[in-house]
Amino acid sequence: MGRSRGGLTTKIHTLTDAQGRPLRFIITAGQTGDITTAPELLNGIKAGGVIADKAYDSNALRLLIENSGAEVVIPSNRTRKILLPYDAQAYKLRNRIERFFNKLKHYRRIATRYDRRAIYFLSALYLASSMIWMR
(Lines give C-alpha, C1' and ligand atoms only; values in the text may rest on other atoms or scores of the structure.)
Protein backbone atom coordinates (compact mmCIF):
# COMPACT_ATOMS: atom_id res chain seq x y z
CA MET A 1 0.00 0.00 0.00
CA GLY A 2 1.15 3.51 -0.60
CA ARG A 3 0.22 7.03 -1.12
CA SER A 4 1.33 9.95 -3.18
CA ARG A 5 0.28 13.53 -3.46
CA GLY A 6 -1.33 14.27 -6.80
CA GLY A 7 -1.42 18.02 -6.21
CA LEU A 8 -1.64 20.36 -3.26
CA THR A 9 -4.95 19.11 -1.93
CA THR A 10 -5.25 15.53 -3.17
CA LYS A 11 -3.73 12.28 -1.99
CA ILE A 12 -3.80 9.02 -3.94
CA HIS A 13 -3.99 5.90 -1.78
CA THR A 14 -3.16 2.77 -3.76
CA LEU A 15 -3.05 -0.98 -3.33
CA THR A 16 -0.77 -2.81 -5.75
CA ASP A 17 0.07 -6.42 -6.40
CA ALA A 18 3.53 -7.96 -5.86
CA GLN A 19 4.71 -6.60 -9.24
CA GLY A 20 3.68 -3.04 -8.40
CA ARG A 21 0.61 -3.04 -10.64
CA PRO A 22 -2.33 -1.09 -9.24
CA LEU A 23 -5.37 -2.93 -7.93
CA ARG A 24 -7.33 -0.17 -6.18
CA PHE A 25 -7.31 3.59 -5.72
CA ILE A 26 -8.87 5.89 -3.20
CA ILE A 27 -8.54 9.66 -3.55
CA THR A 28 -8.75 11.82 -0.44
CA ALA A 29 -8.01 15.36 0.63
CA GLY A 30 -4.32 16.01 1.12
CA GLN A 31 -4.58 16.34 4.89
CA THR A 32 -6.30 12.95 5.34
CA GLY A 33 -4.22 10.43 7.25
CA ASP A 34 -2.88 7.49 5.27
CA ILE A 35 -4.21 4.81 7.59
CA THR A 36 -7.84 5.92 7.30
CA THR A 37 -8.20 4.33 3.85
CA ALA A 38 -6.30 1.11 4.55
CA PRO A 39 -9.26 -1.06 5.62
CA GLU A 40 -11.21 -0.09 2.51
CA LEU A 41 -8.21 -0.76 0.25
CA LEU A 42 -7.71 -4.20 1.79
CA ASN A 43 -11.39 -5.19 1.87
CA GLY A 44 -11.82 -8.59 0.20
CA ILE A 45 -8.21 -8.91 -0.92
CA LYS A 46 -6.49 -12.28 -0.44
CA ALA A 47 -2.73 -11.93 -0.12
CA GLY A 48 0.24 -13.70 1.38
CA GLY A 49 1.45 -10.48 2.91
CA VAL A 50 0.81 -6.77 3.14
CA ILE A 51 3.77 -4.42 2.89
CA ALA A 52 3.25 -0.81 3.98
CA ASP A 53 5.29 2.05 5.37
CA LYS A 54 5.32 3.39 8.93
CA ALA A 55 2.30 5.61 8.29
CA TYR A 56 0.18 2.44 8.29
CA ASP A 57 1.44 1.18 11.66
CA SER A 58 -1.51 0.61 13.99
CA ASN A 59 -2.65 -2.28 16.13
CA ALA A 60 -6.09 -2.28 14.47
CA LEU A 61 -4.67 -2.53 10.95
CA ARG A 62 -2.18 -5.19 11.99
CA LEU A 63 -5.02 -7.24 13.47
CA LEU A 64 -7.13 -6.78 10.32
CA ILE A 65 -4.25 -8.05 8.15
CA GLU A 66 -3.49 -10.98 10.44
CA ASN A 67 -7.17 -11.97 10.56
CA SER A 68 -7.18 -12.13 6.76
CA GLY A 69 -4.35 -14.67 6.93
CA ALA A 70 -1.69 -12.38 5.49
CA GLU A 71 1.72 -11.56 6.91
CA VAL A 72 2.16 -8.02 8.27
CA VAL A 73 5.27 -6.31 6.90
CA ILE A 74 5.06 -2.85 8.44
CA PRO A 75 7.93 -1.25 10.35
CA SER A 76 7.01 0.21 13.70
CA ASN A 77 6.31 3.90 13.97
CA ARG A 78 8.97 5.61 16.07
CA THR A 79 6.33 6.58 18.64
CA ARG A 80 5.81 2.92 19.64
CA LYS A 81 7.31 2.10 23.00
CA ILE A 82 7.99 -1.50 22.01
CA LEU A 83 9.10 -1.93 18.41
CA LEU A 84 7.40 -4.82 16.63
CA PRO A 85 9.44 -7.15 14.42
CA TYR A 86 8.92 -7.26 10.65
CA ASP A 87 10.59 -9.00 7.72
CA ALA A 88 13.16 -6.43 6.58
CA GLN A 89 13.99 -8.45 3.46
CA ALA A 90 10.33 -8.53 2.39
CA TYR A 91 10.00 -4.81 3.18
CA LYS A 92 12.55 -4.05 0.45
CA LEU A 93 9.84 -5.05 -2.06
CA ARG A 94 7.87 -1.95 -1.06
CA ASN A 95 9.91 0.01 -3.59
CA ARG A 96 7.65 -1.49 -6.26
CA ILE A 97 4.81 0.78 -5.23
CA GLU A 98 7.21 3.74 -5.31
CA ARG A 99 8.14 2.74 -8.84
CA PHE A 100 4.45 2.64 -9.72
CA PHE A 101 4.02 6.23 -8.49
CA ASN A 102 7.06 7.24 -10.57
CA LYS A 103 5.42 5.70 -13.64
CA LEU A 104 2.24 7.66 -12.89
CA LYS A 105 4.23 10.89 -12.93
CA HIS A 106 4.98 10.27 -16.62
CA TYR A 107 1.34 11.09 -17.29
CA ARG A 108 1.23 14.88 -17.15
CA ARG A 109 -2.49 15.02 -16.48
CA ILE A 110 -1.92 13.11 -13.23
CA ALA A 111 1.40 14.68 -12.25
CA THR A 112 -0.05 18.18 -12.49
CA ARG A 113 -3.51 17.24 -11.14
CA TYR A 114 -4.94 18.82 -14.27
CA ASP A 115 -8.54 17.77 -13.55
CA ARG A 116 -10.40 19.83 -10.98
CA ARG A 117 -13.12 17.28 -10.24
CA ALA A 118 -12.12 14.12 -8.37
CA ILE A 119 -14.15 11.85 -10.66
CA TYR A 120 -12.22 13.04 -13.72
CA PHE A 121 -8.91 12.73 -11.89
CA LEU A 122 -9.83 9.18 -10.86
CA SER A 123 -10.72 8.38 -14.48
CA ALA A 124 -7.29 9.59 -15.58
CA LEU A 125 -5.72 7.37 -12.89
CA TYR A 126 -7.58 4.34 -14.21
CA LEU A 127 -6.55 5.11 -17.78
CA ALA A 128 -2.88 5.56 -16.83
CA SER A 129 -3.02 2.40 -14.71
CA SER A 130 -4.39 0.48 -17.66
CA MET A 131 -1.44 1.65 -19.72
CA ILE A 132 0.96 0.58 -16.95
CA TRP A 133 -0.71 -2.87 -16.75
CA MET A 134 -0.24 -3.34 -20.53
CA ARG A 135 3.53 -2.77 -20.41
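Residues numbered from 1 in each chain as written. Predicted model: local features only at pLDDT ≥ 70, side-chain atom pairs only at ≥ 80, totals over all residues. Heavy atoms only, no water.

Ranked by internal contacts, the top residues of the largest apolar core, which has 13 residues, are Leu42, Val50, Tyr56, Leu61, Ile65 and Ile74. Mapped by element, the contributors of at least two residues to this core are α1 (38-42) and α2 (59-67). Per-element accounting of this core gives the leading share, three residues, to α1. Phe25, Ile97, Ile110 and Ala128 belong to the second largest nonpolar core, which has twelve residues in total. (Core = buried A, V, L, I, M, F, W, Y, C linked by side-chain atoms within 4.5 Å. Buried < 20%, exposed > 50% of the residue type's maximum accessible area, 1.4 Å probe, protein only. Helix = DSSP H or I, 4+ residues; strand = E, 2+ residues; numbered from the N terminus.)

All chains considered together, the criterion is met by four aromatic pairs. With 5.7 Å between their ring centres and 80 degrees between their planes, tyrosine 86 and tyrosine 91 make a pair best called edge-to-face. Summarising the aromatic geometry, the rings of phenylalanine 100 and phenylalanine 101 are spaced 5.5 Å apart at their centres and angled 55 degrees between planes, so their arrangement reads as tilted. Like phenylalanine 101, phenylalanine 100 is buried. A network of ring pairs unites the aromatic residues Phe25, Phe100, Phe101 and Tyr126 as a single cluster. The side chain of arginine 113 reaches across the aromatic face of phenylalanine 121, ending 4.3 Å from its centre. (Phe/Tyr/Trp six-rings, centres within 6.5 Å; stacked < 30°, edge-to-face > 60°. Lys NZ or Arg CZ within 6 Å of the ring centre and 35° of its normal.)

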